[in-house]
Amino acid sequence: MEKLVITACICGAEVTKEINPAVPYTVDEIAREAKSAYDAGAAIIHLHVRDDDGKPTQSADRYRLCMDAIKKVCPDVIIQPSTGGAVGMSNDERLQPITLNPEMATLDCGTCNFGGDDVFVNTENMIIDFAQKIYARGIMPELEVFDKGMIDMALRLHKKGIIKTPMHFDIVLGVNGGMSASARDLVFMVESLPQGATWTVAGIGRAAFPMAAFAILMGGHVRVGFEDNVYLEKGVPAKSNGELVAKAVRIAKEFAREIASPDEARKILGLTR
Ligand code: KMH
Ligand code: ZN
């Protein structure tokens, strides 16, 4: 089996220090969390940023500061800014980090409910616009899919030449409004992917490590981090993103799955710059 690519989603836009005091807000905290994840074995940092008071922002200036601080402590890590941002942000606001030409950025492939009255909006025209702007800068998108219809959307846009190969998917399961995080649903999603695509799974909340274990066994890749889950185990808040990555590494080692370095991850995903 290929080596395991671990993505650490260190911050997110929804979790707060009230939920877990280790959730990073400041530039220094974001660099600290990225380093803890990288030292534990993460090849990719999926990045949201915050103002010092914790408010999510997509400001290019704030992303630049955070990305520079991350590069100082993890020079070869792949940084993957979010273009999803937080629910309610405008398209222009969400797209700001791509102006920094990161190697990767997320491309959310459909709209879904996000709990309560929240709706995470990604219409077809938005997806086309985001994709064109991402590819125009030579950035590789990670195709975030929260249900099967979003895979179908990505495949339709691939047929039209808007989404290009190589395709790398992040299957996000367990969002309140998306598909549930069950073995059946993960297998269904993976079997719906096109030949040659790579995939990672992000299990939300208590589904984080069960989904990681399935992906390790199935030959997929894994995303863990505070954005998805702040607990190391039931009732035990993780002290760092590094602890979450280290747990994924331990599970992988039990099944003889080796961990990919950032450069090995670049080869596995077909990242060419
Ligand atoms: N914060 C969510 C509304 C992404 O990073 O592209 C969207 C999200 C997806 O986290
Ligand atoms: Zn995200």
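Residues numbered from 1 in each chain as written. Chains lettered and ligands numbered in written order. Predicted model: local features only at pLDDT ≥ 70, side-chain atom pairs only at ≥ 80, totals over all residues. Heavy atoms only, no water.

Student: Can you help me understand the layout of surface pockets in this one?
Tutor: The gaps of empty space that remain are located by a probe, the size of a water molecule, rolled over the atoms. Computed from the structure, the largest pocket encloses a volume of approximately 460 Å³. If you trace the largest pocket, you find 26 residues lining it, with Glu 14, Phe 114, Ile 204, Glu 227 and Asp 228 closest to the centre. Per-class residue counts for the lining of the largest pocket are 12 nonpolar, 8 polar and 6 charged. Size it by volume and the second largest pocket reaches roughly 250 Å³. For the second largest pocket, the full set of lining residues is Gly 205, Arg 206, Ala 208, Phe 209, Asn 229, Tyr 231, Leu 232, Glu 233, Lys 234, Gly 235 and Lys 247. Those elements that provide at least two residues to the lining of the second largest pocket are helix H7 (208–218) and strand S13 (231–233). Looking at the lining of the second largest pocket, the element that brings in the most residues is S13, giving 3 residues. (1 Å grid on protein atoms, 1.4 Å probe; cavity = no way out; pocket = protein on both sides within 12 Å on 5 of 7 lines; lining within 4 Å. Points joined across faces, edges and corners; volume = space filled by probe spheres on them. Nonpolar A, V, L, I, M, F, W, Y, C, P; charged D, E, K, R; others polar. Helix = DSSP H or I, 4+ residues; strand = E, 2+ residues; numbered from the N terminus.)

Student: What is the right way to look at unusual backbone geometry in this model?
Tutor: Across residues other than glycine, the phi torsion is negative in most instances, and most of the peptide bonds are trans. Backbone torsion omega between Thr 165 and Pro 166 reads -5°, so that peptide bond is classified as cis. Topologically, Pro 166 is positioned in the loop between helix H5 (148–159) and strand S10 (168–173). Of note in the backbone geometry, Asn 101 takes a positive phi value of approximately 50° without being a glycine. Mapping Asn 101 onto the fold places it in the loop between helix H3 (91–95) and strand S6 (104–108). Since its relative accessible area comes to 34%, Asn 101 is described here as partly exposed. (Buried < 20%, exposed > 50% of the residue type's maximum accessible area, 1.4 Å probe, protein only.)

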